[in-house]
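In case you want the letters, here they are:
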2 protein chains.
Amino acid sequence: MFDYKLLAALAAVIEQAGFERAAQVLGLSQSAVSQRIKLLEARVGQPVLMRVTPPAPTEIGRRLLNHVQQVRLLERDLQGQVPALDEGGLPERLRIALNADSLATWWAAAVGDFCASHRVLLDLVVEDQDVGLKRMRAGEVAGCVCASAKPVAGARSVALGAMRYRALASPAFIARHFPTGVSAAALAQVPAIVFGPDDLLQHRYLVALGVEGGFLHHLCPSSEGFVRLTAGGLGWGLVPEQQVQGELARGELVELLPGRPIDVPLYWHHWRNGGELLTELTRQLTRAAGRWLVPFS
Amino acid sequence: MFDYKLLAALAAVIEQAGFERAAQVLGLSQSAVSQRIKLLEARVGQPVLMRVTPPAPTEIGRRLLNHVQQVRLLERDLQGQVPALDEGGLPERLRIALNADSLATWWAAAVGDFCASHRVLLDLVVEDQDVGLKRMRAGEVAGCVCASAKPVAGARSVALGAMRYRALASPAFIARHFPTGVSAAALAQVPAIVFGPDDLLQHRYLVALGVEGGFLHHLCPSSEGFVRLTAGGLGWGLVPEQQVQGELARGELVELLPGRPIDVPLYWHHWRNGGELLTELTRQLTRAAGRWLVPFS
């Protein structure tokens, strides 16, 4: 068998984003943690992490982390069957990557009861829909909500539904920039709001209108900040419809060109051998997501 | 004079978080960008960045980035005086770090008009209040909203006011866990919600109630997600009062122990030689922040 003390040290350094916090969590000195990582590296014959801030796993480090993650979930199943094995009585911590817009809208309502009844604590990692899978591949999370259908090796994906986005702006913004009505060409000349370098929604919207190339934009990597900037008249942007039902009803946000939503499919990715807890969460998500997401073909 | 082509390459690699995107932005091949970084390193006689993902500046790299940031702001002033120097007519991009809760609440309302009238595009970086200054020191941002008063070398800080947090939970959560009323000891036994490893608000709240040590918690690095998890009954947490006025009025969130807010002071940090634009933004922020923040002593 592997030496799980060493693997647990590696997992802690990555999860806690540093040796100091890892040491606190493990109840060890920092040099003891360092020592364990070095021992692990001596065993596998190569570095398991890069000493940067925060520490990042190497290729082999990632495979080890994957393994630790899955072993932990299997241990939980066993503890369910053999309660004497339950070591601390602490709830399980489930590390999950999801896109900011899911977290800002349907996620809590979909999993709230599940977490309470299964005594699960969430460790959420926010990633743009197109990059969350990297965390799966890196073995840093047990599951992930993202826009890609294709599972990484060892994982499964299920379709949850699609998030409906509408291109919105404040009435003041529209009055200032489009006194004679919104046109596609004019839209490319006024500031948009973009979540981050991986957010291509605004770009797709303009392309669908026949506008190619770059456009002015603010960068705002926060779902709620995005809505606030839009409502504050700083720019236009694609916002999840269900996040701004109040603003739409009150007329604080207005659709630029009515009837042109963009639906972004969302998939739930989870380890194939992730144990009963992940299977149960998967069941809950597929059951519940339809209440907040729209079907897609 | 320095060779600003080389410095601009360094800035682009850091700002775009990679050589590929930097090359796109600069309109160069990736190997040309690499070449410029190597030339720069030959000039200064040591590495300016660490080749990790995303690339990170070395100590000397940081100093160079600071310098580029400030030169750009000074160039803008000069362009204002000598319009012929204006090269592309593109709006200035101001990179600013701020805490997620400011971005989710008052920030857009405070700077919206400023950005429109000064033709400024924002490049916002979300950092927990205690770590935003790292970005200033690293020369990655022109300004920063955070909880620390002490400016980094070359910068100034001004007090904006304090954000008022209240410890909230859903009525269902309170009914389930505190059928006979909320007590400090019982609070430590039920899940809290914590923004991230640097968020010590929940910890401070418990300490003020006489509860020391660890406590169960979800981790949720999203301001809006934090509110959703709280309203969804997953845990209790300290939430900015102004972010949940609707939820409080409708009774969807309830204060655990009435009348025990925590006020977190917020400071605006900006480069001392940051040019007229930053000075103007500073004036706007100090004027406007009082509308949303509470005074603190």
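Model, not experiment: these values are computed from the prediction.

## Some points on the overall build of chain A
1) Next: When its secondary structure is counted, chain A shows 13 helices and 11 strands.
2) Next: Within the span of chain A, comprising 297 residues, buried residues form 53% of the whole.
3) Next: Here the contacts in chain A between residues at least 6 apart in sequence split such that 73% fall between residues at least 24 apart.
4) Next: Carbon and sulfur atoms make up 53% of the accessible area of chain A, which totals about 13100 Å².
5) Next: Seen as two clouds, the 29 positive and the 28 negative side-chain charges of chain A have centres 3 Å apart.

## A few points about the domain arrangement of chain A
1) Next: The domains assigned to chain A are domain 1 (1–90) and domain 2 (163–263).
2) Next: For domain 1 of chain A versus domain 2 of chain A, the separation of C-alpha centres amounts to 43 Å.

## Topic: the interface of chain A and chain B
1) Next: Taken together, the contact pairs 39 residues of chain A with 39 residues of chain B.
2) Next: Summing both partners gives a buried area of about 3000 Å² for chain A against chain B, and 68% of it is carried by carbon and sulfur.
3) Next: The interface formed by chain A and chain B holds zero salt bridges in total.
4) Next: Taken together, the links from chain A to chain B amount to six residue pairs in polar contact (both at pLDDT 80 or more).
5) Next: Listed by contribution, the elements that provide at least two residues to the side of chain A that touches chain B are α5 (100–104), α6 (107–118), β4 (120–126), β8 (217–219) and α11 (223–231) of chain A.
6) Next: Sorting elements by how many residues they give to the side of chain A that touches chain B places β4(A) first, with seven residues.

## Some remarks on the layout of surface pockets
1) Next: For the second largest pocket, the calculated volume is near 1000 Å³.
2) Next: What lines the second largest pocket is a set of 36 residues, among which Glu224(A), Glu247(A), Glu224(B), Arg228(B) and Glu247(B) lie closest to the centre.
3) Next: Broken down by secondary-structure element, the contributors of at least two residues to the lining of the second largest pocket are α6, α11 and α12 (245–249) of chain A together with β6 (155–169), α11 (223–231) and α12 (245–249) of chain B.
4) Next: Looking at the lining of the second largest pocket element by element, the count peaks at four residues for α11(B).
5) Next: Grouping the constituent residues of the lining of the second largest pocket by class yields 13 nonpolar, 11 polar and 12 charged.

## Brief notes about the relation of the copies chain A and chain B
Superposition of the two copies of the chain requires a rotation about an axis and a shift along the axis.
1) Next: Taken as rigid bodies, chain A and chain B are interconverted by a rotation of 180° and an axial shift of 0.1 Å, the fit giving an RMSD of 0.0 Å. Classification of the inter-copy transformation places it as that of a two-fold axis. Within chain A, Glu224(A) has its C-alpha nearest the rotation axis, a separation of 2.9 Å.
2) Next: With an isologous cut-off of 70% or more, the 100% of interface residues of chain A that recur at the interface of chain B puts this contact in the isologous class.

## Focus on the pattern of salt bridges
All names here are of chain A.
1) Next: Under the counting rule described, the total for this entry stands at 26 salt bridges over all chains.
2) Next: Residues Arg 95 and Asp 123 are paired through a salt bridge, measuring 2.9 Å at the closest nitrogen-oxygen approach. Of the two residues, Arg 95 is situated in strand β3 (residues 92–98) and Asp 123 in strand β4; the sequence distance between them amounts to 28 residues. In terms of burial, Arg 95 and Asp 123 fall into one category: buried.
3) Next: Between Arg 250 and Glu 252 there is a salt bridge, and its shortest N-O distance comes to 2.7 Å.
4) Next: Judged by relative accessible area, Glu 252 falls into the partly exposed class, the value being 34%.
5) Next: Here the salt bridges do not stand alone but share partners, grouping Glu 59, Arg 62 and Arg 63 into one network.

## As for the UniProt feature "domain: HTH lysR-type" (unreviewed entry) in chain A
1) Next: In the numbering adopted here, UniProt assigns the feature "domain: HTH lysR-type" (unreviewed entry) to residues 2–58 of chain A.
2) Next: Secondary structure over residues 2–58 of chain A splits into 61% helix and 7% strand, and the C-alpha atoms at its two ends are 18 Å apart.

## With respect to unusual backbone geometry
1) Next: A positive phi angle, close to 50°, is found at Arg119(A), a residue other than glycine.
2) Next: By secondary structure assignment, the location of Arg119(A) is in the loop between α6 and β4.

## Observations concerning the environment of Ala289(B)
Residue and element names in this part refer to chain B.
1) Next: Along the chain, Ala 289 turns up in the segment after α13 (275–288).
2) Next: Classification of Ala 289 as buried rests on a relative accessible area of 0%.
3) Next: For Ala 289 and His 118, which are 171 residues apart along the polypeptide, the C-alpha to C-alpha distance reads 19 Å.

Rules behind the numbers
- Residues numbered from 1 in each chain as written.
- Chains lettered and ligands numbered in written order.
- Predicted model: local features only at pLDDT ≥ 70, side-chain atom pairs only at ≥ 80, totals over all residues.
- Heavy atoms only, no water.
- Helix = DSSP H or I, 4+ residues; strand = E, 2+ residues; numbered from the N terminus.
- Buried < 20%, exposed > 50% of the residue type's maximum accessible area, 1.4 Å probe, protein only.
- Contact = heavy atoms within 4.5 Å.
- Areas by Shrake-Rupley, 256 points an atom, 1.4 Å probe, with all protein chains shown as cover.
- Lys, Arg positive; Asp, Glu negative; His and termini not counted.
- Charge placed at Lys NZ, Arg CZ, Asp CG, Glu CD.
- Domains from an automatic or database assignment.
- Buried area = accessible area lost by both parts, 1.4 Å probe.
- Salt bridge = Lys/Arg side-chain N within 4 Å of Asp/Glu carboxyl O.
- Polar contact = N/O pair within 3.5 Å; in protein donor to acceptor, adjacent residues only side chain to side chain.
- 1 Å grid on protein atoms, 1.4 Å probe; cavity = no way out; pocket = protein on both sides within 12 Å on 5 of 7 lines; lining within 4 Å.
- Points joined across faces, edges and corners; volume = space filled by probe spheres on them.
- Nonpolar A, V, L, I, M, F, W, Y, C, P; charged D, E, K, R; others polar.
- Least-squares fit on C-alpha atoms with pLDDT ≥ 70 in both.
- UniProt positions renumbered as here; feature names shortened; annotations may be inferred.

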